[in-house]
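Read off the chains here:
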Amino acid sequence: MILTNDPTRLVLTVAMLAAYGAVCLQPWLRARRARADAKAARAAAGDSPWLVAYASQTGNAELLARQTSETLRVAGIANHLCEFDEIDAATLQSAERILFLASTYGEGDAPDAGARFAQRLMARSDLALGQLHYAVLALGDSAYSSFCGFGRTLDAWLAARGAQPLFPRVEVDRSAPPAIAAWRQQLSHLAGTSDAPDWDAPAFDAWRLAERRQLNPGSVGAPIYHIELEPADGGALPHWQSGDLVQIAAPADPERPREYSIASIPADGRVHLLVRLHRHGDGSHGLASGWLTQQARQGAPVRLRLREHRRFRLEANAERPLILIGNGSGIAGLRGHLKARAAAGQARNWLLFGERDPGHDAFYHEELEAWQRQGLLPRLDRAWSRGPDGKEYVQDLLLRHAETVRSWIADGAALYVCGSLEGMASGVDQALTQILGIDHIAELSRSGRYRRDVY
Ligand SMILES: Cc1cc2nc3c(=O)[nH]c(=O)nc-3n(C[C@H](O)[C@H](O)[C@H](O)COP(=O)(O)O)c2cc1C
(Lines give C-alpha, C1' and ligand atoms only; values in the text may rest on other atoms or scores of the structure.)
Protein backbone atom coordinates (compact mmCIF):
# COMPACT_ATOMS: atom_id res chain seq x y z
CA MET A 1 0.00 0.00 0.00
CA ILE A 2 1.34 3.47 -0.93
CA LEU A 3 0.47 5.99 1.78
CA THR A 4 0.67 9.29 -0.11
CA ASN A 5 -1.41 11.56 -2.30
CA ASP A 6 1.57 13.65 -3.50
CA PRO A 7 1.72 12.99 -7.30
CA THR A 8 5.54 13.59 -7.49
CA ARG A 9 6.29 11.10 -4.72
CA LEU A 10 3.81 8.71 -6.30
CA VAL A 11 5.64 8.83 -9.67
CA LEU A 12 9.02 8.48 -7.94
CA THR A 13 7.87 5.46 -5.95
CA VAL A 14 6.43 3.74 -9.01
CA ALA A 15 9.67 4.42 -10.95
CA MET A 16 11.75 2.96 -8.12
CA LEU A 17 9.57 -0.13 -7.96
CA ALA A 18 9.88 -0.55 -11.74
CA ALA A 19 13.69 -0.21 -11.56
CA TYR A 20 13.84 -2.74 -8.69
CA GLY A 21 11.68 -5.14 -10.72
CA ALA A 22 13.98 -4.77 -13.74
CA VAL A 23 17.07 -5.55 -11.60
CA CYS A 24 15.36 -8.62 -10.19
CA LEU A 25 14.39 -9.79 -13.65
CA GLN A 26 17.94 -9.53 -15.07
CA PRO A 27 19.21 -12.98 -14.00
CA TRP A 28 16.02 -14.62 -15.20
CA LEU A 29 16.28 -12.83 -18.56
CA ARG A 30 19.95 -13.82 -18.87
CA ALA A 31 19.17 -17.46 -18.11
CA ARG A 32 16.33 -17.38 -20.64
CA ARG A 33 18.68 -15.94 -23.28
CA ALA A 34 21.31 -18.62 -22.49
CA ARG A 35 18.67 -21.33 -22.87
CA ALA A 36 17.60 -19.85 -26.22
CA ASP A 37 21.28 -19.68 -27.35
CA ALA A 38 21.81 -23.29 -26.34
CA LYS A 39 18.70 -24.35 -28.22
CA ALA A 40 19.91 -22.44 -31.30
CA ALA A 41 23.37 -24.04 -31.00
CA ARG A 42 21.84 -27.51 -30.78
CA ALA A 43 19.60 -26.79 -33.74
CA ALA A 44 22.58 -25.50 -35.74
CA ALA A 45 24.54 -28.60 -34.78
CA GLY A 46 21.96 -30.81 -36.43
CA ASP A 47 21.35 -34.33 -35.25
CA SER A 48 24.76 -35.80 -35.84
CA PRO A 49 26.78 -36.12 -32.65
CA TRP A 50 29.93 -34.10 -32.22
CA LEU A 51 33.25 -35.88 -32.00
CA VAL A 52 35.70 -35.06 -29.24
CA ALA A 53 38.99 -36.55 -30.45
CA TYR A 54 42.20 -36.71 -28.44
CA ALA A 55 45.82 -37.64 -29.11
CA SER A 56 47.48 -37.98 -25.74
CA GLN A 57 50.55 -39.76 -24.43
CA THR A 58 50.46 -39.28 -20.68
CA GLY A 59 46.83 -38.30 -20.28
CA ASN A 60 46.70 -34.47 -20.20
CA ALA A 61 44.86 -34.15 -23.51
CA GLU A 62 42.75 -37.20 -22.63
CA LEU A 63 41.58 -35.68 -19.33
CA LEU A 64 40.71 -32.38 -21.04
CA ALA A 65 38.87 -34.31 -23.77
CA ARG A 66 36.80 -36.12 -21.13
CA GLN A 67 35.97 -32.79 -19.48
CA THR A 68 35.11 -31.28 -22.88
CA SER A 69 32.83 -34.19 -23.69
CA GLU A 70 31.11 -33.95 -20.30
CA THR A 71 30.56 -30.20 -20.70
CA LEU A 72 28.88 -30.78 -24.06
CA ARG A 73 26.77 -33.59 -22.61
CA VAL A 74 25.58 -31.40 -19.74
CA ALA A 75 24.58 -28.78 -22.32
CA GLY A 76 22.50 -31.41 -24.09
CA ILE A 77 24.90 -31.89 -27.03
CA ALA A 78 25.35 -35.55 -27.96
CA ASN A 79 29.00 -36.39 -28.56
CA HIS A 80 31.44 -39.28 -28.97
CA LEU A 81 34.82 -39.36 -27.32
CA CYS A 82 37.52 -41.10 -29.37
CA GLU A 83 41.25 -41.30 -29.99
CA PHE A 84 42.68 -39.79 -33.17
CA ASP A 85 43.62 -43.22 -34.48
CA GLU A 86 39.99 -44.33 -34.39
CA ILE A 87 39.14 -41.67 -37.00
CA ASP A 88 39.23 -42.70 -40.65
CA ALA A 89 38.82 -40.70 -43.87
CA ALA A 90 35.10 -41.50 -44.14
CA THR A 91 34.48 -40.19 -40.60
CA LEU A 92 36.37 -37.01 -41.35
CA GLN A 93 34.41 -36.46 -44.53
CA SER A 94 31.02 -36.98 -42.94
CA ALA A 95 31.47 -35.35 -39.52
CA GLU A 96 30.02 -31.90 -39.01
CA ARG A 97 31.78 -30.97 -35.80
CA ILE A 98 35.01 -32.27 -34.33
CA LEU A 99 36.92 -30.89 -31.38
CA PHE A 100 40.56 -32.00 -31.58
CA LEU A 101 42.73 -32.09 -28.46
CA ALA A 102 46.34 -32.90 -29.31
CA SER A 103 49.63 -32.90 -27.48
CA THR A 104 53.06 -32.78 -29.15
CA TYR A 105 56.09 -35.07 -28.80
CA GLY A 106 59.49 -35.53 -30.39
CA GLU A 107 60.09 -32.72 -32.81
CA GLY A 108 56.58 -31.49 -33.34
CA ASP A 109 55.29 -35.07 -33.72
CA ALA A 110 52.00 -36.65 -32.74
CA PRO A 111 51.83 -38.79 -29.60
CA ASP A 112 51.73 -42.57 -30.23
CA ALA A 113 47.93 -42.59 -30.26
CA GLY A 114 47.86 -40.10 -33.12
CA ALA A 115 50.73 -41.44 -35.20
CA ARG A 116 48.53 -43.37 -37.60
CA PHE A 117 46.18 -40.41 -38.06
CA ALA A 118 49.19 -38.20 -38.79
CA GLN A 119 50.82 -40.64 -41.20
CA ARG A 120 47.78 -41.90 -43.07
CA LEU A 121 45.33 -38.99 -43.08
CA MET A 122 47.38 -35.82 -42.70
CA ALA A 123 49.57 -36.93 -45.60
CA ARG A 124 46.53 -36.69 -47.86
CA SER A 125 45.89 -33.49 -49.76
CA ASP A 126 42.92 -34.91 -51.69
CA LEU A 127 40.45 -34.92 -48.79
CA ALA A 128 37.80 -32.22 -49.08
CA LEU A 129 36.48 -31.28 -45.65
CA GLY A 130 34.26 -28.29 -46.48
CA GLN A 131 31.41 -29.71 -44.35
CA LEU A 132 33.54 -29.90 -41.19
CA HIS A 133 33.54 -27.33 -38.39
CA TYR A 134 36.36 -27.88 -35.94
CA ALA A 135 38.41 -26.51 -33.08
CA VAL A 136 41.91 -27.42 -31.93
CA LEU A 137 43.27 -27.45 -28.40
CA ALA A 138 47.04 -27.86 -28.78
CA LEU A 139 49.02 -28.98 -25.74
CA GLY A 140 52.75 -28.51 -25.43
CA ASP A 141 55.68 -27.06 -23.59
CA SER A 142 57.28 -23.81 -24.74
CA ALA A 143 60.68 -25.12 -23.66
CA TYR A 144 60.61 -27.14 -26.92
CA SER A 145 61.41 -25.37 -30.18
CA SER A 146 58.42 -26.97 -31.91
CA PHE A 147 55.96 -25.68 -29.33
CA CYS A 148 52.53 -27.26 -29.95
CA GLY A 149 53.94 -28.39 -33.30
CA PHE A 150 51.49 -31.22 -33.91
CA GLY A 151 48.41 -29.15 -32.96
CA ARG A 152 49.59 -26.36 -35.25
CA THR A 153 50.24 -28.69 -38.19
CA LEU A 154 46.84 -30.31 -37.67
CA ASP A 155 45.09 -26.93 -37.61
CA ALA A 156 46.86 -25.81 -40.80
CA TRP A 157 46.06 -29.12 -42.53
CA LEU A 158 42.34 -28.94 -41.62
CA ALA A 159 42.09 -25.35 -42.82
CA ALA A 160 43.88 -26.25 -46.08
CA ARG A 161 41.32 -29.04 -46.63
CA GLY A 162 38.51 -26.48 -46.40
CA ALA A 163 37.35 -27.25 -42.85
CA GLN A 164 36.09 -24.23 -40.92
CA PRO A 165 37.35 -23.29 -37.47
CA LEU A 166 34.65 -22.75 -34.84
CA PHE A 167 37.11 -20.48 -33.02
CA PRO A 168 40.89 -19.89 -33.18
CA ARG A 169 43.25 -22.62 -31.97
CA VAL A 170 43.92 -22.55 -28.22
CA GLU A 171 47.49 -23.41 -27.15
CA VAL A 172 48.24 -24.73 -23.67
CA ASP A 173 51.77 -24.31 -22.35
CA ARG A 174 52.54 -26.90 -19.64
CA SER A 175 48.87 -27.25 -18.68
CA ALA A 176 48.65 -23.53 -17.79
CA PRO A 177 45.19 -22.84 -16.29
CA PRO A 178 44.44 -19.57 -18.22
CA ALA A 179 44.62 -21.33 -21.61
CA ILE A 180 42.44 -24.17 -20.34
CA ALA A 181 39.97 -21.57 -19.05
CA ALA A 182 39.95 -19.93 -22.51
CA TRP A 183 39.07 -23.27 -24.17
CA ARG A 184 36.40 -23.91 -21.57
CA GLN A 185 34.93 -20.45 -22.16
CA GLN A 186 34.80 -20.99 -25.93
CA LEU A 187 33.05 -24.30 -25.31
CA SER A 188 30.50 -22.82 -22.94
CA HIS A 189 29.76 -20.13 -25.48
CA LEU A 190 29.42 -22.68 -28.26
CA ALA A 191 27.21 -24.95 -26.18
CA GLY A 192 25.23 -22.04 -24.71
CA THR A 193 25.74 -23.18 -21.16
CA SER A 194 27.11 -21.53 -18.09
CA ASP A 195 26.75 -24.46 -15.70
CA ALA A 196 29.73 -26.45 -16.99
CA PRO A 197 31.12 -29.15 -14.69
CA ASP A 198 34.15 -28.38 -12.54
CA TRP A 199 37.42 -28.68 -14.49
CA ASP A 200 39.84 -27.99 -11.68
CA ALA A 201 42.96 -30.16 -11.69
CA PRO A 202 43.19 -32.30 -8.56
CA ALA A 203 45.06 -30.61 -5.72
CA PHE A 204 48.54 -31.63 -4.64
CA ASP A 205 48.61 -33.67 -1.46
CA ALA A 206 51.02 -33.47 1.45
CA TRP A 207 53.59 -36.29 1.36
CA ARG A 208 57.00 -36.69 2.93
CA LEU A 209 60.38 -37.93 1.82
CA ALA A 210 60.77 -41.23 3.68
CA GLU A 211 63.96 -42.63 2.17
CA ARG A 212 66.57 -41.91 -0.47
CA ARG A 213 69.61 -43.82 -1.67
CA GLN A 214 71.88 -43.52 -4.66
CA LEU A 215 71.67 -46.53 -6.94
CA ASN A 216 74.87 -45.96 -8.91
CA PRO A 217 77.69 -44.70 -6.69
CA GLY A 218 80.91 -44.43 -8.68
CA SER A 219 79.11 -44.50 -12.05
CA VAL A 220 80.36 -42.34 -14.89
CA GLY A 221 76.69 -41.51 -15.52
CA ALA A 222 74.80 -38.81 -13.61
CA PRO A 223 73.79 -39.97 -10.12
CA ILE A 224 70.44 -41.71 -9.95
CA TYR A 225 68.43 -42.10 -6.73
CA HIS A 226 65.83 -44.50 -5.42
CA ILE A 227 63.34 -42.33 -3.52
CA GLU A 228 60.49 -43.46 -1.27
CA LEU A 229 57.59 -41.19 -0.37
CA GLU A 230 54.67 -41.64 1.99
CA PRO A 231 51.61 -39.57 2.87
CA ALA A 232 52.47 -36.94 5.51
CA ASP A 233 51.11 -37.53 9.02
CA GLY A 234 50.40 -41.21 8.31
CA GLY A 235 47.46 -40.40 6.01
CA ALA A 236 45.84 -43.15 3.96
CA LEU A 237 47.70 -44.34 0.89
CA PRO A 238 45.76 -43.52 -2.30
CA HIS A 239 45.17 -46.21 -4.88
CA TRP A 240 47.15 -46.50 -8.09
CA GLN A 241 48.03 -49.15 -10.67
CA SER A 242 51.43 -50.10 -12.02
CA GLY A 243 52.18 -47.86 -14.99
CA ASP A 244 50.78 -44.72 -13.33
CA LEU A 245 52.72 -41.49 -12.76
CA VAL A 246 53.14 -38.88 -10.06
CA GLN A 247 53.52 -35.17 -10.43
CA ILE A 248 55.72 -33.37 -7.92
CA ALA A 249 55.69 -29.61 -7.38
CA ALA A 250 59.18 -28.58 -6.28
CA PRO A 251 59.28 -25.53 -3.97
CA ALA A 252 61.57 -23.62 -6.37
CA ASP A 253 59.33 -24.19 -9.41
CA PRO A 254 55.79 -24.97 -8.23
CA GLU A 255 54.18 -23.88 -11.51
CA ARG A 256 55.97 -26.61 -13.45
CA PRO A 257 55.33 -29.93 -11.72
CA ARG A 258 57.68 -32.75 -12.82
CA GLU A 259 56.38 -36.17 -13.76
CA TYR A 260 57.91 -39.47 -12.68
CA SER A 261 56.88 -43.08 -13.34
CA ILE A 262 55.94 -44.92 -10.15
CA ALA A 263 58.30 -47.83 -9.42
CA SER A 264 56.17 -49.51 -6.73
CA ILE A 265 52.67 -50.84 -6.11
CA PRO A 266 50.30 -49.88 -3.26
CA ALA A 267 51.20 -53.12 -1.42
CA ASP A 268 54.68 -51.62 -0.91
CA GLY A 269 53.07 -48.96 1.29
CA ARG A 270 55.05 -46.19 -0.39
CA VAL A 271 55.49 -44.51 -3.75
CA HIS A 272 58.96 -45.37 -5.10
CA LEU A 273 60.59 -43.18 -7.75
CA LEU A 274 63.87 -43.21 -9.64
CA VAL A 275 65.19 -39.71 -10.08
CA ARG A 276 68.30 -38.86 -12.01
CA LEU A 277 70.08 -35.66 -11.01
CA HIS A 278 69.89 -33.34 -13.96
CA ARG A 279 72.87 -31.06 -14.57
CA HIS A 280 72.78 -28.00 -16.80
CA GLY A 281 75.65 -27.08 -19.12
CA ASP A 282 77.10 -24.72 -16.47
CA GLY A 283 77.13 -27.53 -13.88
CA SER A 284 74.15 -26.22 -11.89
CA HIS A 285 71.51 -28.74 -10.81
CA GLY A 286 68.01 -29.05 -12.25
CA LEU A 287 65.51 -27.26 -9.98
CA ALA A 288 63.31 -30.26 -9.26
CA SER A 289 65.84 -33.13 -9.47
CA GLY A 290 68.40 -31.10 -7.50
CA TRP A 291 65.89 -30.49 -4.74
CA LEU A 292 64.59 -34.08 -4.63
CA THR A 293 67.99 -35.77 -4.76
CA GLN A 294 70.24 -33.32 -2.88
CA GLN A 295 68.56 -30.61 -0.84
CA ALA A 296 65.39 -32.14 0.60
CA ARG A 297 66.16 -33.86 3.91
CA GLN A 298 64.62 -37.08 5.14
CA GLY A 299 61.10 -36.26 6.35
CA ALA A 300 60.89 -33.13 4.15
CA PRO A 301 57.37 -32.24 2.94
CA VAL A 302 56.71 -33.06 -0.72
CA ARG A 303 53.69 -31.86 -2.70
CA LEU A 304 52.54 -34.74 -4.85
CA ARG A 305 49.56 -35.87 -6.88
CA LEU A 306 48.96 -39.19 -8.60
CA ARG A 307 48.09 -39.36 -12.29
CA GLU A 308 46.47 -42.24 -14.04
CA HIS A 309 48.48 -43.29 -17.06
CA ARG A 310 46.02 -45.52 -18.83
CA ARG A 311 48.14 -45.97 -21.91
CA PHE A 312 50.87 -47.64 -19.86
CA ARG A 313 48.80 -49.74 -17.48
CA LEU A 314 48.61 -53.53 -17.69
CA GLU A 315 44.83 -53.60 -18.12
CA ALA A 316 43.87 -56.20 -20.76
CA ASN A 317 47.49 -57.40 -20.91
CA ALA A 318 47.49 -58.53 -17.28
CA GLU A 319 47.22 -62.20 -18.25
CA ARG A 320 49.54 -62.09 -21.27
CA PRO A 321 53.28 -62.79 -21.29
CA LEU A 322 55.16 -59.46 -21.02
CA ILE A 323 58.29 -58.25 -22.78
CA LEU A 324 59.53 -55.26 -20.75
CA ILE A 325 62.14 -53.09 -22.45
CA GLY A 326 63.85 -50.02 -21.04
CA ASN A 327 66.95 -48.08 -20.14
CA GLY A 328 68.19 -45.84 -17.33
CA SER A 329 65.49 -44.46 -15.04
CA GLY A 330 62.97 -46.20 -17.33
CA ILE A 331 63.37 -49.26 -15.14
CA ALA A 332 61.01 -47.43 -12.73
CA GLY A 333 57.84 -48.08 -14.74
CA LEU A 334 58.96 -51.62 -15.60
CA ARG A 335 59.72 -52.43 -11.94
CA GLY A 336 56.17 -51.32 -11.06
CA HIS A 337 54.82 -53.82 -13.58
CA LEU A 338 57.17 -56.60 -12.41
CA LYS A 339 56.00 -56.06 -8.84
CA ALA A 340 52.35 -56.20 -9.94
CA ARG A 341 53.09 -59.39 -11.89
CA ALA A 342 54.86 -60.98 -8.94
CA ALA A 343 51.92 -60.09 -6.65
CA ALA A 344 49.50 -61.64 -9.16
CA GLY A 345 51.65 -64.76 -9.65
CA GLN A 346 52.06 -63.99 -13.38
CA ALA A 347 55.44 -65.47 -14.23
CA ARG A 348 55.87 -65.07 -17.99
CA ASN A 349 58.05 -61.94 -17.87
CA TRP A 350 61.10 -61.00 -19.94
CA LEU A 351 63.08 -57.89 -19.01
CA LEU A 352 65.54 -56.29 -21.43
CA PHE A 353 67.38 -53.42 -19.77
CA GLY A 354 70.16 -51.14 -20.97
CA GLU A 355 72.59 -48.98 -18.95
CA ARG A 356 76.25 -48.05 -19.04
CA ASP A 357 78.37 -50.35 -16.94
CA PRO A 358 77.53 -53.60 -15.11
CA GLY A 359 79.83 -52.68 -12.20
CA HIS A 360 77.86 -49.57 -11.21
CA ASP A 361 74.58 -49.40 -13.12
CA ALA A 362 72.90 -52.75 -12.52
CA PHE A 363 69.91 -51.15 -10.76
CA TYR A 364 67.87 -53.42 -8.45
CA HIS A 365 70.21 -56.31 -9.20
CA GLU A 366 69.38 -58.32 -6.04
CA GLU A 367 65.67 -57.87 -6.51
CA LEU A 368 65.84 -59.02 -10.13
CA GLU A 369 67.93 -62.03 -9.14
CA ALA A 370 65.42 -62.93 -6.42
CA TRP A 371 62.58 -62.82 -8.98
CA GLN A 372 64.67 -65.03 -11.25
CA ARG A 373 65.21 -67.57 -8.47
CA GLN A 374 61.47 -67.57 -7.73
CA GLY A 375 60.70 -68.22 -11.40
CA LEU A 376 58.97 -64.83 -11.78
CA LEU A 377 61.48 -63.48 -14.29
CA PRO A 378 62.42 -66.39 -16.52
CA ARG A 379 64.37 -64.16 -18.91
CA LEU A 380 66.62 -61.22 -18.04
CA ASP A 381 68.92 -59.68 -20.64
CA ARG A 382 71.00 -56.60 -20.01
CA ALA A 383 72.92 -54.45 -22.47
CA TRP A 384 75.89 -52.33 -21.34
CA SER A 385 77.02 -49.43 -23.47
CA ARG A 386 80.35 -49.33 -21.62
CA GLY A 387 80.63 -52.94 -20.60
CA PRO A 388 83.63 -55.26 -20.82
CA ASP A 389 82.30 -56.77 -24.07
CA GLY A 390 81.98 -53.48 -25.95
CA LYS A 391 79.04 -51.26 -26.75
CA GLU A 392 75.58 -52.77 -26.68
CA TYR A 393 72.07 -51.31 -26.48
CA VAL A 394 68.66 -52.87 -25.79
CA GLN A 395 67.77 -52.67 -29.47
CA ASP A 396 70.84 -54.85 -30.20
CA LEU A 397 69.56 -57.37 -27.64
CA LEU A 398 66.20 -57.46 -29.38
CA LEU A 399 67.81 -58.11 -32.77
CA ARG A 400 70.06 -60.79 -31.28
CA HIS A 401 67.04 -62.53 -29.78
CA ALA A 402 64.71 -61.84 -32.71
CA GLU A 403 63.52 -65.44 -32.90
CA THR A 404 62.57 -65.43 -29.20
CA VAL A 405 60.76 -62.09 -29.63
CA ARG A 406 58.73 -63.56 -32.48
CA SER A 407 57.83 -66.65 -30.50
CA TRP A 408 56.79 -64.66 -27.39
CA ILE A 409 54.63 -62.40 -29.58
CA ALA A 410 53.13 -65.48 -31.26
CA ASP A 411 52.28 -66.67 -27.73
CA GLY A 412 50.32 -63.45 -27.21
CA ALA A 413 52.95 -61.33 -25.39
CA ALA A 414 52.56 -57.56 -24.95
CA LEU A 415 55.46 -55.10 -25.23
CA TYR A 416 56.12 -52.33 -22.69
CA VAL A 417 58.85 -49.76 -23.35
CA CYS A 418 59.98 -47.26 -20.69
CA GLY A 419 62.90 -44.82 -20.80
CA SER A 420 64.48 -42.27 -23.08
CA LEU A 421 62.74 -41.19 -26.21
CA GLU A 422 65.93 -40.23 -27.94
CA GLY A 423 68.10 -43.15 -28.89
CA MET A 424 66.35 -45.91 -26.98
CA ALA A 425 62.65 -45.69 -27.90
CA SER A 426 63.23 -45.00 -31.59
CA GLY A 427 65.98 -47.65 -31.78
CA VAL A 428 63.68 -50.19 -30.11
CA ASP A 429 60.84 -49.25 -32.45
CA GLN A 430 63.09 -49.80 -35.49
CA ALA A 431 64.35 -53.14 -34.15
CA LEU A 432 60.80 -54.34 -33.44
CA THR A 433 59.68 -53.21 -36.88
CA GLN A 434 62.57 -55.15 -38.39
CA ILE A 435 61.72 -58.25 -36.36
CA LEU A 436 57.94 -58.24 -36.65
CA GLY A 437 57.19 -56.14 -39.72
CA ILE A 438 55.60 -52.69 -39.87
CA ASP A 439 52.02 -53.92 -40.18
CA HIS A 440 52.32 -56.27 -37.23
CA ILE A 441 53.82 -53.52 -35.05
CA ALA A 442 51.02 -51.13 -36.08
CA GLU A 443 48.47 -53.78 -35.21
CA LEU A 444 50.07 -54.44 -31.80
CA SER A 445 50.03 -50.71 -31.10
CA ARG A 446 46.40 -50.39 -32.16
CA SER A 447 45.28 -53.31 -30.04
CA GLY A 448 47.13 -52.06 -26.93
CA ARG A 449 49.83 -54.77 -26.96
CA TYR A 450 52.64 -52.27 -27.64
CA ARG A 451 52.72 -49.54 -25.00
CA ARG A 452 55.29 -46.88 -24.26
CA ASP A 453 56.16 -44.48 -21.46
CA VAL A 454 59.05 -42.58 -23.00
CA TYR A 455 60.44 -39.17 -22.20
C1 LIG B 1 59.53 -36.59 -24.40
C2 LIG B 1 58.67 -35.38 -24.56
C3 LIG B 1 58.74 -34.62 -25.72
C4 LIG B 1 57.96 -33.47 -25.89
N5 LIG B 1 58.06 -32.74 -27.03
C6 LIG B 1 57.34 -31.60 -27.17
C7 LIG B 1 57.49 -30.78 -28.33
O8 LIG B 1 58.24 -31.06 -29.25
N9 LIG B 1 56.74 -29.64 -28.39
C10 LIG B 1 55.86 -29.29 -27.40
O11 LIG B 1 55.21 -28.25 -27.52
N12 LIG B 1 55.71 -30.04 -26.29
C13 LIG B 1 56.43 -31.18 -26.14
N14 LIG B 1 56.28 -31.94 -25.01
C15 LIG B 1 55.33 -31.52 -23.97
C16 LIG B 1 53.98 -32.26 -24.05
O17 LIG B 1 53.32 -32.02 -25.27
C18 LIG B 1 53.11 -31.74 -22.91
O19 LIG B 1 53.71 -32.20 -21.71
C20 LIG B 1 51.67 -32.18 -22.96
O21 LIG B 1 50.96 -31.57 -21.92
C22 LIG B 1 51.51 -33.68 -22.86
O23 LIG B 1 50.15 -34.00 -23.01
P24 LIG B 1 49.60 -35.54 -22.96
O25 LIG B 1 49.67 -35.97 -21.53
O26 LIG B 1 48.20 -35.44 -23.44
O27 LIG B 1 50.44 -36.37 -23.85
C28 LIG B 1 57.06 -33.08 -24.85
C29 LIG B 1 56.99 -33.85 -23.67
C30 LIG B 1 57.78 -34.99 -23.52
C31 LIG B 1 57.68 -35.79 -22.25
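Residues numbered from 1 in each chain as written. Predicted model: local features only at pLDDT ≥ 70, side-chain atom pairs only at ≥ 80, totals over all residues. Heavy atoms only, no water.

What follows is about the site of the ligand. Around the ligand sit 20 residues, and of these S56, Q57, T58, T104 and C148 come closest. The backbone of A61 places a nitrogen or oxygen atom 2.7 Å from an oxygen atom of the ligand. Taking G106, its main chain carries an N or O atom lying 2.9 Å from an oxygen atom of the ligand. Compared with its free state, where it exposes 650 Å², the ligand has 89% of that area covered by protein. Residue assignment for the shell around the ligand shows that the elements contributing at least two residues are helix 2 (60–74) and strand 4 (133–140). Grouping the constituent residues of the shell around the ligand by class yields eight nonpolar, eleven polar and one charged. (Near = heavy atom within 4 Å. Polar contact = N/O pair within 3.5 Å; in protein donor to acceptor, adjacent residues only side chain to side chain. Areas by Shrake-Rupley, 256 points an atom, 1.4 Å probe, with all protein chains shown as cover. Helix = DSSP H or I, 4+ residues; strand = E, 2+ residues; numbered from the N terminus. Nonpolar A, V, L, I, M, F, W, Y, C, P; charged D, E, K, R; others polar.)

Quick look at the pattern of salt bridges now. Working definition: two side chains of opposite charge can pair if their charged atoms are close together. All told, the structure shown has 29 salt bridges when counted by the stated rule. Note that E62 and R310 form a salt bridge whose closest N and O atoms lie 3.5 Å from each other. Within this pair, whereas E62 is found in helix 2, its partner R310 is found in the loop between strand 12 (301–307) and strand 13 (322–327), the two being separated by 248 residues in sequence. The residue D141 makes a salt bridge to R256 at a minimum N-O spacing of 3.6 Å. Within this pair, whereas D141 is found in the loop between strand 4 and helix 5 (149–160), its partner R256 is found in the loop between strand 9 (245–249) and strand 10 (258–261), the two being separated by 115 residues in sequence. The exposure class of D141 is buried, given its relative accessible area of 16%. Salt bridges here are not isolated pairs; linked through shared partners, they connect R208, E211, R213, E228, E230 and R270. (Salt bridge = Lys/Arg side-chain N within 4 Å of Asp/Glu carboxyl O. Buried < 20%, exposed > 50% of the residue type's maximum accessible area, 1.4 Å probe, protein only.)

Attention now goes to the packing of helix 8 (residues 331–344) against helix 9 (residues 365–373). Two elements in contact, helix 8 and helix 9, have axes whose closest approach is 12 Å; the angle formed by their N-to-C orientations is 30 degrees. Judged on the interaxial angle alone, helix 9 and helix 8 are roughly parallel. Handedness of the helix 8/helix 9 crossing: left-handed. Contacts between helix 8 and helix 9 involve R335, L338, K339 and A342 from the former and E367, L368 and W371 from the latter. Its residues placed into classes, the contact of helix 8 with helix 9 shows four nonpolar, no polar and three charged. (Axes fitted to C-alpha atoms, helices over the stretch in contact; angles between N-to-C directions. Parallel < 35°, antiparallel > 145°, perpendicular 65-115°, else oblique. Left-handed = near helix turned anticlockwise from the far one by under 90°. Contact = heavy atoms within 4.5 Å.)

Quick look at the sheet that holds strand 15 (residues 379–384) now. The strand order 15-14-13-16-17 describes an open sheet built from five strands, whose pairing is parallel. With partners counted over all chains shown, the strands left at the sheet margins are strand 15 and strand 17 (450–454), one partner each. In this sheet, neighbouring strand axes are inclined to one another by 10 degrees on average, regardless of whether the strands run parallel or antiparallel. Packing against the sheet, helix 8 makes contact with strand 13, strand 14 (349–355) and strand 16 (414–419), and its axis sits at approximately 155 degrees to strand 13. (Pairing = 2+ DSSP bridges.)

Looking along a regular strand, one sees side chains alternate from face to face of the sheet. Pairing analysis gives five bridges linking strand 1 (residues 50–55) to strand 2 (residues 79–83), with the strands arranged parallel. Across the sheet, residue L51 finds its bridge partner in strand 2, namely H80. Each parallel crossover has a hand, and the one from strand 1 via helix 2 to strand 2 is right-handed. (Right-handed = clockwise from strand over helix to strand, strands pointing away.)

For strand 3 (residues 97–103), a buried count of seven out of seven residues is recorded, marking the element as mostly surrounded by other parts of the structure. Residues R97, L99, L101 and S103 line one face of strand 3 and the alternating positions I98, F100 and A102 line the opposite face, and both faces are buried. One ladder, built from five bridges, connects strand 1 with strand 3; its direction is parallel. Along strand 3, the bridge assignment pairs Y54 with L101. Across seven bridges, the pairing between strand 3 and strand 4 is parallel. Across the sheet, the residue bridging to L99 is A135, located in strand 4. Crossover connection from strand 3 via helix 4 (residues 115–121) to parallel strand 4: handedness right-handed.

Here we take up helix 5. Its twelve residues give helix 5 an end-to-end C-alpha distance of 16 Å, which sits within 8% of 16 Å, the value for a rise of 1.5 Å per residue. Within the sequence span of helix 5, burial applies to G149, F150, G151, L154, D155, W157 and L158. Buried positions along helix 5 lie against strand 1, helix 3 (89–94), strand 3, helix 4 and strand 4. Immediately downstream of helix 5, the backbone of G162 shows phi near 95 degrees, a positive value. (Expected span 1.5 Å × (residues − 1).)

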